[in-house]
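Observations on the three-dimensional arrangement
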Amino acid sequence: MEILFAIAIGTVVTASVYLFLSRDLLRGLLGFILFGTAVNLAILLAGRVGPMRPPLVDAAVLGAGAANPLPQALILTAIVIGFGLTAFALILTLTAHREFGTTSVEELAEAETPKVPANTAAAATRREAA
Amino acid sequence: MMSDESLLALVLALPFAGSLVVGFLPSNRHNLEAWLAGAIALAGLAIALALYPAVADGKAIRVAVEWLPTLGLDFTLRMDGFAWLFTVLVTGIGLLVVLYARYYMSPDDPVARFFAFLLGFMGAMLGIVLSGNLIQLVFFWELTSLSSFLLIGYWHHTAKARDGARMALTVTASGGLCLFVGVVIVGHIVGSYDLDRVLESGAAIRSHALYVPALVLILLGALTKSAQFPFHFWLPQAMAAPTPVSAYLHSATMVKAGVFLMVRLWPALGYTEAWFWIVGTAGLCTFVLGAYLAMFQQDLKGLLAYSTISHLGLITLLIGLDSPTGIVAAIFHMMNHATFKASLFMAAGIIDHETGTRDIRRLSGLLRLMPVTAGLAILAAASMAGVPLLNGFLSKEMFFAEAVAHHSSSAFDRVLPYLAALAAMFSVTYSLRFIHGAFFGPPPADLPRQPPPLPSWMAAPVALLVSACVLVGMFPAVTAGPFLDSAARGVLGAHIPTYSLAVWHGFNVPLLMSVVAMAGGALLYLALQRYLSSGIEGSPLLRRLDSQRIFDRIMIALTLRAGRIGLETAGTRRLQPQLRLILGVACAAALWPLLQLGMAAGPLAPSALDPALTLVWVVGAACAIAAAYQAKYHRFAALILTGGAGLVVCVTFAWLSAPDLALTQLLVEIVTTVLLLLGLRWLPKREEMVEADRHRTPRVLLRRAADLAIATVVGIGVAAIAYAVMTRPAPDSRASFFVERAYTEGGGTNVVNVILVDFRGFDTLGEIAVLGVVALTVYALLRRFRPAPDSIVSPEQQVRQNARAAAAGPRQPADALADSLLVPALVMRLLFPVIGMVAVYLFLRGHDLPGGGFVAGLTMSVAFILQYMAGGTRWVEARLIILPVRWIGVGLLLAALTGLGAWAFGYPFLTSHASHPTLPVVGKVPLASAILFDLGVFVLVVGATVLILIALAHQSIRTHRPTKPEPAPDHA
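Cut-offs applied
- Residues numbered from 1 in each chain as written.
- Chains lettered and ligands numbered in written order.
- Predicted model: local features only at pLDDT ≥ 70, side-chain atom pairs only at ≥ 80, totals over all residues.
- Heavy atoms only, no water.
- Helix = DSSP H or I, 4+ residues; strand = E, 2+ residues; numbered from the N terminus.
- Buried < 20%, exposed > 50% of the residue type's maximum accessible area, 1.4 Å probe, protein only.
- Areas by Shrake-Rupley, 256 points an atom, 1.4 Å probe, with all protein chains shown as cover.
- pLDDT = per-residue confidence, 0-100.
- Contact = heavy atoms within 4.5 Å.
- Buried area = accessible area lost by both parts, 1.4 Å probe.
- Salt bridge = Lys/Arg side-chain N within 4 Å of Asp/Glu carboxyl O.
- Polar contact = N/O pair within 3.5 Å; in protein donor to acceptor, adjacent residues only side chain to side chain.
- Nonpolar A, V, L, I, M, F, W, Y, C, P; charged D, E, K, R; others polar.
- Patch = residues over 30% accessible without salt bridge, like charges linked within 9 Å, V, L, I, M, F, W, Y side chains within 5 Å.
- Expected span 1.5 Å × (residues − 1).

**Brief notes about the overall build of chain B**
Summing up its helical and strand segments, chain B has 41 helices and six strands in all. Of all 972 residues assigned to chain B, the portion counted as buried reaches 53%. Looking at chain B as shown, the accessible area adds up to about 42100 Å², and 69% of this sits on carbon and sulfur atoms.

**Some thoughts on the confidence of the model for chain B**
Residues and elements named next belong to chain B. Summarising the model, chain B shows a mean pLDDT of 84, and 88% of its residues fall at 70 or more. The element-level mean pLDDT for chain B is lowest in helix H30 (residues 686-692), coming to 57, with helix H10 (residues 211-225) highest at 94. Note on residues 959-972: pLDDT is under 50 here. Beyond four places in sequence and across chains, it has 21 contacts.

**Digging into the environment of His505 of chain B**
Residues and elements named next belong to chain B. If you trace the backbone, His505 turns up in the loop between helix H23 (481-492) and helix H24 (509-533). Assessed through its relative accessible area of 41%, His505 is described here as partly exposed. Here the alpha-carbon distance between His505 and Glu397, two residues 108 residues apart in the chain, equals 9.5 Å.

**Digging into the interface of chain A and chain B**
Contacts between the two partners involve 86 residues from chain A, matched on the other side by 109 residues from chain B. A per-residue breakdown of the area chain A buries against chain B is headed by Leu21, Phe83 and Arg98 of chain A, which together make up 10% of the total. Here chain A is connected to chain B by one salt bridge. Taking the shortest distance from any N to any O, the salt bridge between Arg635 of chain B and Asp24 of chain A comes out at 3.1 Å. At the boundary of chain A and chain B, one finds three residue pairs in polar contact (both at pLDDT 80 or more). Elements with a minimum of two residues in the side of chain A that touches chain B: helix H1 (2-20), helix H2 (25-47), helix H3 (69-100), helix H4 (105-111) and helix H5 (121-129) of chain A. It is H3 of chain A that provides the largest number of residues to the side of chain A that touches chain B, a total of 23 residues. Grouping the amino acids of the side of chain A that touches chain B by side-chain chemistry returns 56 nonpolar, 19 polar and 11 charged.

**Remarks on the pattern of salt bridges**
Residue and element names in this part refer to chain B. All told, the structure shown has 13 salt bridges over all chains when counted by the stated rule. Between Arg166 and Asp163 there is a salt bridge; the shortest N-O distance is 2.8 Å. Here Arg166 and its partner Asp163 are both found in helix H7 (residues 159-190), three residues apart, which amounts to about one turn of the helix. Relative accessible area serves as the criterion here: at 41%, Arg166 is assigned to the partly exposed category. Residue Asp163 is classed as buried on the basis of its relative accessible area of 8%. As a salt-bridge pair, Asp707 and Arg580 come within 2.7 Å of each other at their nearest N and O atoms. In this pair, Asp707 is assigned in helix H31 (residues 698-726) and Arg580 in helix H26 (residues 575-597), connecting sequence segments 127 residues apart. Three or more residues joined by partner-sharing salt bridges are found here, namely Arg62, Arg78, Asp80, Asp194, Asp196 and Arg264.

**Points about a nonpolar patch on the surface**
Residue and element names in this part refer to chain B. Together, Leu822, Val823, Val827, Leu831, Val834 and Val838 line one region of the surface with nonpolar side chains, adding up to about 500 Å² of accessible area. As for its placement among the helices and strands, Val834 is situated in helix H37 (residues 822-845). Overall, the relative accessible area of 44% leaves Val834 in the partly exposed class.

**Considering helix H41 (residues 930-954) of chain B**
Taking 1.5 Å of rise per residue, 25 residues should cover 36 Å, and H41 of chain B covers 36 Å from first to last C-alpha, within 8% of that figure. For H41 of chain B, the tally of buried residues reaches 21 of 25 residues, placing the bulk of the element in the interior.

**Some points on the side chain of Gln665 of chain B**
Inspection of the secondary structure puts Gln665 of chain B in helix H29 (residues 659-680). When neighbours within four sequence positions are excluded, Gln665 of chain B is seen to be in contact with Thr37 and Ile79 of chain A together with Gly646, Cys650 and Phe653 of chain B.

Printed below as a string of structure tokens:
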């Protein structure tokens, strides 16, 4: 089973990193979602592998048969935060598209005019005042 | 009657409380704020005076409250004679400044803000002088820097105020950071941050290897704060502040914090060569340079600022001379300087207030126009010059005596008396210039406005301060003697040196030096007449050395040039190289330990392959790969395939006995997919993209091949690590701790949920706060967003749909939607209460069985989304009032209040309580306070999710331009 999970995680990570590296914000976002999923799975598997009893305390003690609840709790948090990040990234993508008419990171980099003033704004205003 | 300890705490607490109250008063209640601020300062002063007997003979009052016991830190207040003296200065001059500001500030100024900042500063300053703990002292130290920043920048509409405030903050706060590091080193040497312990451990500190670094860092803090050379330049720029602020912060109190600290720590850090050279040299340079520059200022406040720098240099020099009598003289001069300089600043402010200018070139002959102010200012300036029978004379005599008496047989020692006399001469000159330039001479010709009658109370604070100058100057032993004595005892302990506070000491060298300084200063003033009347701004020798310009240059070099060079050499504006860099670093970080320790599969035997799950994962892997392959042109397909991979992971979670995760993952997948679908309609259509990408050059193919190679390497690496981890036995984690205590302490049987809402409740609170922030940000971004004119077209789908509707007959566009989804819409509508019930069910069982606030919240929001899908935005919002922002607020409040509730029962934040009461009929039910917390999570998740989705959905019901670009009203 371990080898299957390893290959599965590896495949999803490969796909997600490939998407990540593309020049389009939306594809990057899809890559991010996939990546998050794969990493969540990897963390859960680092806790324990195999079907066992869910971490629900019975009246009797669970003992060694219980799945590790700690990674589960952590991943649950990660899933929700991942959702928040996805939503935020999507809105930024949409905003970028509307503002600059493109979702290509190359074109976006050009759309942002480099603003490196020769002097600080403070000094400039002082010169004006003087 | 309150005890001394609680009174002491009250002194510190009052200004902060007052600051809060005043800050919330309406800003047009001019008098109320001034009254309140004045009452607080008066109360502080009264308490301080009442506490005097307790500190009179070198004793100290201490209050300690546990602060961070794990670090051995207590919140300690400590008042000895020295701290008492400063408390009286801070509250007393504070009172006068409030009274003065009441008349000085224009009715148009937002005075609530002014008095709130002023009181905040007063509290911070009292915090410095009353701290019995060095860390705490640094905290209040930085607080004074911050409030000084706010006060200098009070008239923030002027560039001068903004620049001055920023410069003061940059210099003093960086000094504060140095001080902090120095204090940490001292704490490390002593083993405690307690001031008493530190003062006792002088010998240990001085002999330690880290003594010099600690000393240099602490002195950097003190010298920047007290505007000592070469950090003096911020003080003249800070004169952009309203004059009451200059009188209070930049003459009497804040700039004294540096010299205060040096005197305070002198028993622990002084008595060394390093102390003598650093402090003494800085003081001497500042003393002479400040006095020299002050002579050539054309602005009254500028003159006073440089003279303040010079006098602070004098105090620093006295401290640097490393003798107990020097310390006594320094303390005495701090008192005297505070009184005459604050009154001079106030007088300059009155002149400005009345005539509209502070420029010495335009002022003249004001003696006739404002005789009271003139008389008071002349007395104060005479005290600044060191004229006998005024308090400035006394401490200057003590200083001369020190300068002459000091003997270390170095060159420094030999030139010291001459330089002291020279600087004293300069100070006579600039005092004369202040008096003569403003008050004597012909009647003023070109004043911006004719002086209106002075508000009678405006000169009262000046009169009080000047009478103090005169009284101390004439009867020093009676008026100032006891207080100086107790202050000296506070610093030096029982062994205070013999000194004499008398006006007349007979004919001696100090008196001779005074006479020389007086005569020389007067002659110098006459000699300089021609240069000064030429109206040149600045001094003959150092005019070109504009410290502000140097500061600007350095700041630009540090912040802008260095950043740009770094960007040019190591950076790129393109995202992809950056991403590759990040991946490369991640790979290297993962490979490094592998190369060091070797990599091998663990000892655990692999478990048998489950054929069903294998099959599921074949689908999952295919989905992931296909998503990556399709994403370029088939966004929709890629999205669905990504969802497919997510679902496979969801099944895997279930297989791995993680039911909560499976549930959450499933719901998040649903919501994410809906969200992305809503988003997709605003992105370019597929066909356009294909057109744009027709020309696939070999270069592009090569780049994608490189991307694929990197991705494969990363994937294999992650797979290998995952495999290596899985084949090793799981380390002993905290898991058993949670499993054992979930029911007994958390009152729930679902360990995951108990961890989330109870054991790790604080994390969850942070997490839902993040979710709320994200939702609000999304909302704000979409609401405030004004689309570019060429992109406000309706989405393709809407256009087609409306076209179809129009073709089918005369009816409303929205009807088309209702028709095409008639049956599903009906089902969805009927499902609303059912899904609601499921959500409630999932929520209620959450503590014991899979479910909980997150899952239930997502379920509930799915119910809402379905209604939007079925009926359309307008239909739903005509029938349901959904206020997601309030849901977010209520949820966060509920969760936080549940946590706070634990305090009411004397437990730490977020402690939960569980019990199993027996209800009639229902029987025994589990009830934990954590369910309230979980309810907060539920409410917030519903609010946040619905808000995000609705905000996005609302984009399509905005009025749009028609698809064909015709001249239509621009409706953004």
